[in-house]
Every structure is written in C-alpha cells, then in structure tokens.
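Breakdown of the fold
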Amino acid sequence: MSAVNTVRQFGVHVLQIYWERRSYRTAIALGTVTSLISFVQFLLMGKFLQDGNTFAGIQGYGGNIISFLMSGSVFTGFVAVSLGSFSNHLQTEQRTGTLESVVVMPVPLARVMLYSGVVGLIGTTVGSVVMFGVFGAVFDIPVSVNLLATIAVLALLVVTLGSFGLAGCGVLLITKRGDPVRWGITTLTTLLSGVMYPISILPGWLQSVAWALPTTQALDGIRKSLLVDADLSQVAPSLLHMAIWSAVMLPIGLVTFSVGMSRARQAGSIGEY
C-alpha cells in the first residue's frame, strides 16, 4: 500500500511540475531550441578538432590551444555577468516576494540592479585573474597582456551586453520566465563567436554573421590583448564595433525596461513570477 501511495504522490508531483511549467511557454520553447543548438555546437567543435593538431584558425592568438580555450572561458564569465546580472537580481526579488517593496524604495530599481552587477563584475574579474595565474603557471601557458587594451574591450563589452540585459529585464517583467533577449545573445555567442572553436571553421556566409555580433568582436579583442599584447590601435576595430552597438542598444534597453515595468504595474503583476 505504501508503494502505491509513493507512486501516486510521485505522479501528483510530476503533474504539478507539468502544469506549472506549461504556463511558461516562452521558457519551454527556448529550452527546446537550446538543446538543438547545443548539438550543433558540439558538431562544430568536433569539426575543429578533426582538423588536426595545427589549429590554423588560432594562430592569430598565439597558436596555443589551452590559452585559446581558457581566454574563451574568461570571456564567457564576463558575458554571463554582464548579460545576466540585471535579470538574476530581478528574479531573486520576485522569488523572495520583495520586488514590489524594492520598486517603491527611494533608490531606483535600475540603480539597485546596477550595484548588483558591479559586485558580480568584481567577483568575475578576481576569479579570472586567479584562473589565468594558476593555470598559466601549471600548464606554462604563454600570456602577453596589454592591460589598457584589455580593460577598454571589457568595459565596452559590459556596457553593450548590459544594455541587452536591461532590455531582457523589461521582457522578463512581462513573461516572468524565459528571457528571449538573454537567451538569444547567449546562444549566438556560444555558437558563433568563437568561444570553443575559431570562426574560420564556419561557412563563409555564417562568418559574416558572426563578425557582425558585438560578442565576436569583443572576444577577438580580448584574445589579442591578453595573449599577444595587442595595443589600443590593434583592437580599435573591435572597440568601434562595440561602441556602435552600445550607442544603439543602451537607449533601447532603457526604453524596453521602462515599458516592461509600466505594463507590469498596470497588470498588477510586478511581484509575480
């Protein structure tokens, strides 16, 4: 009898999860597409490794496969915190039921989210420096850093992706779960920006799409400034590209966040998630 009750309770629990998640159609759709894209990403990684041990596509970054992948790992950390700090803070406030209280505080919600993002950036920076130091010593990785160029690229990356993240928060205030803006940028970055394999293995038309992305330009600039001592003049194309993206996306992000907040207030759903 206890076994029957256990199975019944398990069935009720599964149904509860199903009906809960069924209402978040955006999140389900994004999760399904993400699985398919992850499969494509591994296929591309396999193609890269199949080329042999010369790795022609990474020669412009020093030619060392470990430093190539490690710099990609550092880059994804900054992408995650720049793109996700705002929405992560927003969802935390929603889950704890404090978002409505935060909204009516004298300090604007956007500023509170900015403080949270700065803390995340500090942690990511410290972690990246430690990782490069430890792994660089253990694996004898050749690193030649131009600090000024690295800081300039990272600063513009943070502003650009922070603008996208702000737009994603506006959408999240309406959808509650499933942020298509954050999902879209993350997916395009992991698939096309050269994190795990060089852009050169992509079809020609897809390379053009990849180089148009701000994250591809940022990763190219970061790898050059971290690994081969590229100065400001050498990463200037990447900086200009990201500056244009920032100029376009910052006002869009602010407007989208404002519209999302207004719609949530009108619907009385600020505290829902």
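What counts and how
- Residues numbered from 1 in each chain as written.
- Predicted model: local features only at pLDDT ≥ 70, side-chain atom pairs only at ≥ 80, totals over all residues.
- Heavy atoms only, no water.
- Helix = DSSP H or I, 4+ residues; strand = E, 2+ residues; numbered from the N terminus.
- Buried < 20%, exposed > 50% of the residue type's maximum accessible area, 1.4 Å probe, protein only.
- Polar contact = N/O pair within 3.5 Å; in protein donor to acceptor, adjacent residues only side chain to side chain.
- Contact = heavy atoms within 4.5 Å.
- Phe/Tyr/Trp six-rings, centres within 6.5 Å; stacked < 30°, edge-to-face > 60°.
- Lys NZ or Arg CZ within 6 Å of the ring centre and 35° of its normal.

So, about the side chain of Ser193. Mapping Ser193 onto the fold places it in the loop between helix 7 (180-192) and helix 8 (204-212). The class for Ser193 is buried, based on a relative accessible area of 2%. At a separation of 2.8 Å, a polar atom in the side chain of Ser193 contacts the side chain of Thr215. Discounting chain neighbours no more than four positions away, the residues touching Ser193 are Leu188, Ile199, Leu213, Thr215, Thr216 and Leu219.

We now examine the packing of aromatic side chains. Counted according to the given criterion, the structure contains two aromatic pairs. For the ring pair Tyr61 and Phe68, a centre distance of 6.1 Å and an interplane angle of 40 degrees mean the geometry is tilted. Each member of the pair, Tyr61 as well as Phe68, carries the same accessibility label: buried. A centroid spacing of 5.7 Å and a plane angle of 45 degrees characterise the contact between Phe164 and Trp245, whose relative ring orientation is tilted. On the criterion of sequence distance, the pair formed by Phe164 in helix 6 (residues 147-175) and Trp245 in helix 10 (residues 236-267) is long-range, its members being 81 residues apart. For Trp245, a relative accessible area of 27% gives the class partly exposed. Against the face of Tyr61 rests Arg223, its NZ or CZ located 5.8 Å from the ring centre.

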